[in-house]
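Per-entry structural report
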Amino acid sequence: RFWELRLAFGDTPPSGKDVLVLEDLAVGYGRQPLLTDINLTLRQGERVALVGPNGGGKTTLLRTLMGELPPLAGGFRLGTGVRAGHYAQEQEGLGAGRNALEELSSVVGWGETEARTFLHRFLFTGDDVFVPLERLSYGERARLALAKLVAAGCNLLLLDEPINHLDIPSRERFEWGLAQFGGTVLVVAHDRTFIGRVATAVWS
């Protein structure tokens, strides 16, 4: 019965009340905007679900907020003390050629014993920590991506479809983990049950 995703966020670093402020922001590729004139404020402790049609710009917005794409117009600013972490929809943030232990070590300077103990909470047991990322399932990669965010001490989570590849017990544990999280969340999601359980507000 203990073979569940043991997700619990540790002490979350504090941030200012205005965590993320979007001002006349337009996002897209090249000169082709997908979203324009965005004026929104994400405040400390909010859990906002970002919803909309496929191809509407949700992932593009998150990538812009993480600095991976330049704004096409306007801008945004992070509040005082904000440390953002991004969960990519297909876990693009995981490094090719690494294993789980090496991937976790890329964000924290722990020794092997401490890192393996931490990964055990995310169901990486024994020699699982040495399996190359290319051989991990989507669900396993999802667990590893979550582990990195937790270990890095992020207080703003930008999550792109985080439950897509999780089974039902892992989804429930993830929802529980977000409920314990002391920071702020902006999550792209389609699952109405997940949104109803997790979100305090919706950006459509």
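Remember, it's a predicted structure, so these values are computed and weren't measured experimentally. (Residues numbered from 1 in each chain as written. Predicted model: local features only at pLDDT ≥ 70, side-chain atom pairs only at ≥ 80, totals over all residues. Heavy atoms only, no water.)

**Remarks on the sheet that holds strand β7 (residues 184–188)**
Heads up, the condition is: In this scheme, strands are said to pair when DSSP sees at least two bridges between them. Under the scheme used here, helices are H or I runs from DSSP no shorter than 4 residues and strands are E runs no shorter than 2 residues, and both carry numbers assigned from the N terminus. Each axis is a line fitted through C-alpha atoms, taken for helices only over the stretch in contact, and angles between the N-to-C directions span 0 to 180 degrees. We call two residues contacting when some pair of their heavy atoms lies within 4.5 Å.
Ordered in space as β5-β6-β7-β3-β8, the 5 strands form an open sheet in which the pairing is parallel. The open sheet has two free edges, formed respectively by β5 (84–87) and β8 (201–203), since each of these has just one partner strand. Each adjacent strand pair in this sheet contributes to an overall mean axis angle of 20°, direction not counted. Sheet topology places strand β6 (residues 156–160) next to β7; 5 bridges connect them, and they run parallel. Paired with D160 across the bridge in β7 is V188. In this fold helix α4 (residues 138–152) packs onto β5 and β6, with an angle of close to 180° to the strand it touches most, β5. Sitting on the sheet, helix α5 (residues 168–180) touches β3 (47–50), β6 and β7, and the angle it makes with β6 is about 155°.

**Some thoughts on the pairing of β7**
Where we set the bar: Note on classification: 1.4 Å probe, protein chains only; a residue is buried when its accessible area is under 20% of the maximum for its type, exposed when over 50%, partly exposed between these limits. For crossovers, right-handed means that the path from the first strand over the helix to the second runs clockwise, given strands pointing away from the viewer.
Of all the 5 residues making up β7, 5 are buried; the element is thus mostly covered by neighbouring parts of the structure. Side chains of β7 alternate between two faces, with T184, L186 and V188 and V185 and V187 buried alike. Of the strand pairs in this sheet, β3 and β7 are connected by 4 bridges, and their pairing is parallel. Within the sheet, the bridge partner assigned to R47 lies in β7 and is V185. Between the parallel elements β6 and β7, the chain passes through α5 in a crossover that is right-handed.

**Brief notes about the pairing of strand β2 (residues 32–43)**
Side-chain direction in a regular strand flips from residue to residue, so the side chains alternate between the two faces of the sheet. Where strand β1 (residues 18–29) and β2 come together, 8 bridges link them in antiparallel fashion. What sits directly across from V21, in β2, is T41. In sequence, β1 turns back onto β2 through a hairpin of 2 residues, with G30 there showing a positive phi of about 60°.

**Observations concerning the layout of surface pockets**
The condition that has to hold: Site definitions follow a grid-based scheme: protein atoms alone, a 1 Å grid, a 1.4 Å probe that fits but cannot get out for cavities, and for pockets an open set with protein on both sides within 12 Å along at least five of seven lines, plus lining residues having an atom within 4 Å of a point. Grid points are joined across faces, edges and corners, and a volume is the space filled by probe spheres set on the points. Note that Gly is not counted as nonpolar here; it falls among the polar residues with everything else outside the nonpolar set of Ala, Val, Leu, Ile, Met, Phe, Trp, Tyr, Cys and Pro and the charged set of Asp, Glu, Lys and Arg.
When its volume is computed, the second largest pocket comes out at roughly 180 Å³. Lining of the second largest pocket is provided by 13 residues; of these, L35, L50, V51, W203 and S204 occupy positions nearest its centre. Tallying contributions element by element places β2 first for the lining of the second largest pocket, with 3 residues. Residue classes in the lining of the second largest pocket are distributed as 8 nonpolar, 4 polar and 1 charged.

**Considerations on the nonpolar core**
Quick reminder of the rule: To form a nonpolar core, buried Ala, Val, Leu, Ile, Met, Phe, Trp, Tyr and Cys residues must be joined to one another through side-chain atoms within 4.5 Å.
Ranked by size, the top nonpolar core spans 39 residues in total, and within it L119 and L159 carry the most contacts. Put simply, the parts of the chain that give this core at least two residues each are α2 (100–105), α3 (112–120), α4, β6, α5, β7 and α6 (192–198). The element contributing the most residues to this core is α4, with 9 residues. Discounting chain neighbours no more than four positions away, the residues touching L159 are L62, Y87, L149, F174, L178, V185, L186, V187 and V188.

**Here we look at the packing of aromatic side chains**
Formally: Between rings of Phe, Tyr and Trp, where Trp is taken as its six-membered ring, a pair exists when centres lie within 6.5 Å; planes separated by under 30 degrees are stacked, by over 60 edge-to-face, and by other angles tilted. Cation placement over rings: the criterion is NZ of Lys or CZ of Arg within 6 Å of the ring centroid and within 35° of the ring normal.
Inspection of the entire model under this criterion finds 3 aromatic pairs. Pairing W110 with F118 gives two aromatic rings, centres 5.0 Å apart and planes at 65°, and the pair type is edge-to-face. With a centroid separation of 6.3 Å and an interplanar angle of 15°, the aromatic rings of F174 and F194 are classed as stacked. Note that F174 is positioned in helix α5 and F194 in helix α6, a separation of 20 residues in sequence. Like F174, the residue F194 is buried in the burial classification. An aromatic cluster is built from W110, F118 and F122, whose rings are joined through pairwise contacts. One Lys or Arg, R143, reaches over the ring of F124 and ends 5.3 Å from the middle of that ring.

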